[in-house]
Amino acid sequence: MRLTDDLKDLATVPAFRTLLGVRLVSQTGDGMVQAGLATLFFFQPQNMTTAAGVASALVVMLLPFSLVGPFTGPFIDRWRRRQTLLWGNLLRAGLIALTALVLHAAGTGAAVYVLVLVALGINRFLLSVLSAGLPQVIDHRRLLVANSLVPTLGGAATATGAVIGIILRLLLPAGSVQDAASLVSAVVLYVLAAAVVTRLGAGELGPEHPTSEGTARALAATVCELADAVRYLRRRGTPGLALSTMALHRFVYGMQLITIILTSRNLLAAPEDADLGLALFGTLMGAMIAGHGLSIVLTPLAHERVAPSTWIVMCLLGGSLGQLVLVASHAQAAMTVGLLIFGAGVQGAKIAVDTIVQSDTADAYRGRAFSIYDVLFNTAECVAAGVAVLVLPDVGWSRPAQAALVLFVWCVALWYLHGVRRLGDQPREVAGLPGLD
């Protein structure tokens, strides 16, 4: 009920409705792109789906989110955001259309990887533009509510797009139409998002005072500011510790994601039956996403009774119970239950980390803290991809690897608990850094 009331209140602002519409349409397209790339990279009968192949494809899909995010500020503050959203959506529509053509003509190769890297980098940039434009269209009183609702709705739109993309793959007959359907649908959605943007005034999203500083100088200043933020978070204690724990847990998530892909493709289904493998992948990922949804219900209830730091430890240990199920068996039913529990633990811990970073970080460093968060979040999965090449078999599931991941999570939980107790679960005072006077 509270969610409905908050949305009704925000919906009274026409520019917010437009901005939210752009986000939902474009992120649905993002989900369809991700589904299309997943099917083309991992679930084609002719593809050799090895641990190395899956890892390299995941790095391509995740690397832009790690590298682009922290350095978007100078451009976001120099370019009109409404125009950036308009031309950015049209540009990525063109890139994805070109990707579909190259795939049809030459298959998965270096050109596809380059196009995907650029397109996903633009995706990350446009999400930052949308976030930066939000304070320009709603007042400060509504901003906190909007910041909590909009990313959740955007994530739901991405998941919806991915589900639609997988369904299209399963329903359409084999051939070029099946391969390109999800990507072509995403192109249409990106063009639609660009059309929705035109409902905004040219300067409605800002920036109010575009900086006159040169771009190269602004980028150099961004690097220095990020270095200051790293020093601040380390000295502050609690947010730095929470971010480190999140990154370590995200590494485990990345390992499980690769396990899911390979197990669905090569173990639970015959390698030549790519469509069955894709259906199994959708089922297992759906279980983990359902766990994320469960944590959204449980976490607010837990926060009424325990501190966020305590909830992180509970989620790490509770989620490891699901991992123990994966140690015991790779049967589909067992993996579904185990991933549901693990998914709840991953998302519950992440929400608690968000809370700690927001509450224990000074406003002057909060934006940069979440830029660092973004880098750690995705880099951890890239590292997992590299480790997976070394330790996972091509069938994905490995009892020793799963057992090692359980032990790793327990060590992370104990390390975090020790760090919290050493700090007294309170952030340290920090002085002597820019913006803290």
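What you are looking at is a predicted structure, and each value in this text was computed from that prediction instead of being measured. (Residues numbered from 1 in each chain as written. Predicted model: local features only at pLDDT ≥ 70, side-chain atom pairs only at ≥ 80, totals over all residues. Heavy atoms only, no water.)

So, the overall build of the chain
Rules: A run of H or I in DSSP becomes a helix once it reaches four residues, and a run of E becomes a strand once it reaches two; helices and strands are each numbered from the N terminus. Relative accessibility decides the category of a residue: with a 1.4 Å probe and only protein chains considered, values under 20% of the type maximum give buried, values over 50% give exposed, and everything between is partly exposed. Contacts: residue pairs with any heavy atoms within 4.5 Å of one another. All accessibility values rest on the Shrake-Rupley procedure with a 1.4 Å probe; residue burial counts only the protein chains present in the view.
Secondary structure summary: the chain contains 15 helices and 0 strands in total. When each of the 437 residues of the chain is scored for burial, the buried share is 51%. Partitioning the intrachain contacts of the chain with sequence separation of at least 6 by distance along the chain shows that 86% fall at a separation of at least 24. In the form shown here, the chain has an accessible surface area of approximately 18,800 Å², with 67% of it arising from carbon and sulfur atoms.

Considering a positive patch on the surface
This is how the line gets drawn: In this analysis, a patch consists of residues with relative accessible area above 30% that form no salt bridge, clustered at 9 Å for like charges and at 5 Å for the nonpolar side chains Val, Leu, Ile, Met, Phe, Trp and Tyr. By salt bridge we mean one thing: a side-chain nitrogen of Lys or Arg within 4 Å of a carboxyl oxygen of Asp or Glu. The charged-residue count follows a simple rule in which Lys and Arg add positive charge and Asp and Glu add negative charge, with His and chain termini not counted at all. Every charge is mapped onto a representative atom, which is NZ of Lys, CZ of Arg, CG of Asp or CD of Glu.
On the surface, Arg 234, Arg 235, Arg 422 and Arg 428 cluster together into a patch of positive charge. Secondary-structure assignment places Arg 234 in helix H9 (residues 215-236). Since its relative accessible area comes to 58%, Arg 234 is described here as exposed.

So, the confidence of the model for the chain
Definition in use: Here pLDDT means the predictor's own confidence in every residue, given as a number from 0 to 100.
Summing up the model confidence of the chain, the mean pLDDT is 84 and the portion of residues at 70 or higher is 89%. No element of the chain has a lower mean pLDDT than helix H4 (residues 73-76), at 66, and none a higher one than helix H15 (residues 399-423), at 97.

Here's the deal with the environment of Thr 18
Residue position: Thr 18 is located in helix H2 (residues 14-42). Here Thr 18 falls in the buried class, since its relative accessible area comes to 6%. Along the chain, Thr 18 and Val 197 lie 179 residues apart, while their C-alpha atoms are 7.1 Å from each other. Ignoring anything within four residues of it in the chain, the contact list for Thr 18 reads Val 196, Arg 199 and Leu 200.

Concerning the packing of aromatic side chains
Worth spelling out the cut-off: To pair, rings of Phe, Tyr and Trp, with the six-membered ring standing in for Trp, must have centres within 6.5 Å; the planes then decide the type, stacked if under 30 degrees apart, edge-to-face if over 60, and tilted in the middle.
Tallied over the full model, the rule gives 2 aromatic pairs. Aromatic pair Tyr 373 and Phe 377: ring centres 6.2 Å apart, planes at 20 degrees, arrangement stacked. Remark: Phe 377 and Tyr 373 occur in helix H14 (residues 363-391); sequence separation between them is 4 residues, near one turn of the helix. Of the two residues examined, Tyr 373 and Phe 377, each falls in the buried class.

Side note on the pattern of salt bridges
Summed over all chains, the structure comprises 4 salt bridges. Here Asp 30 ties to Arg 92 by a salt bridge, and the two come within 3.2 Å at their closest N and O atoms. Within this pair, whereas Asp 30 is found in helix H2, its partner Arg 92 is found in helix H5 (residues 81-106), the two being separated by 62 residues in sequence. A residue is classified by how much of its surface remains accessible, and Asp 30, at 6% relative accessible area, is buried. As a salt-bridge pair, Glu 381 and Arg 250 come within 2.9 Å of each other at their nearest N and O atoms.

Regarding the nonpolar core
What counts is decided by this rule: Only buried Ala, Val, Leu, Ile, Met, Phe, Trp, Tyr and Cys residues count toward a nonpolar core, and they belong to the same one when joined by side-chain atoms within 4.5 Å.
Grouped together as the largest cluster of nonpolar side chains are 67 residues, with contacts concentrated most on Ile 258 and Val 353. For this core, the element with the highest residue contribution is helix H10 (residues 238-267), accounting for 13 residues. Aside from chain neighbours lying at most four places away, what touches Ile 258 is Val 54, Leu 58, Ala 384, Ala 385, Ala 388 and Leu 392. Residues Leu 10, Leu 40, Val 196 and Leu 205 belong to the second largest nonpolar core, which totals 50 residues.

Side note on the environment of Gly 240
Turning to its location among the elements, Gly 240 is positioned in helix H10. Between the C-alpha atom of Gly 240 and that of Asp 360, which follows or precedes it by 120 residues, the distance is 9.7 Å.

A few points about the side chain of Glu 381
One can find Glu 381 in helix H14. Judged by its relative accessible area of 7%, Glu 381 falls in the buried class. In contact with Glu 381, other than residues within four places in its own chain, are Leu 62, Arg 250, Tyr 253, Gly 254 and Leu 257.

Section: the packing of helix H11 (residues 274-303) against helix H13 (residues 332-360)
Any two packed helices are characterised by the angle at which their axes cross and by the distance between the axes. Note the following rule: Working convention: axes come from line fits to C-alpha atoms, limited for helices to the stretch in contact. Angles between N-to-C directions cover 0 to 180 degrees. These descriptions rest on fixed angle ranges, namely under 35 degrees for roughly parallel, over 145 for roughly antiparallel, 65 to 115 for roughly perpendicular, and the rest for oblique. By convention the crossing between two helices is left-handed if the near helix lies anticlockwise of the far one by an angle smaller than a right angle, and right-handed if it lies clockwise. Gly falls in the polar group here, along with every residue not listed as nonpolar (Ala, Val, Leu, Ile, Met, Phe, Trp, Tyr, Cys, Pro) or charged (Asp, Glu, Lys, Arg).
Where H11 meets H13, the closest approach of the two axes is 6 Å, and the angle between their N-to-C directions is 40 degrees. Judged on the interaxial angle alone, H13 and H11 are oblique. Considering only the axes of H11 and H13, their crossing is right-handed. Tallied by class, residues from the contact of H11 with H13 come to 14 nonpolar, 12 polar and no charged.

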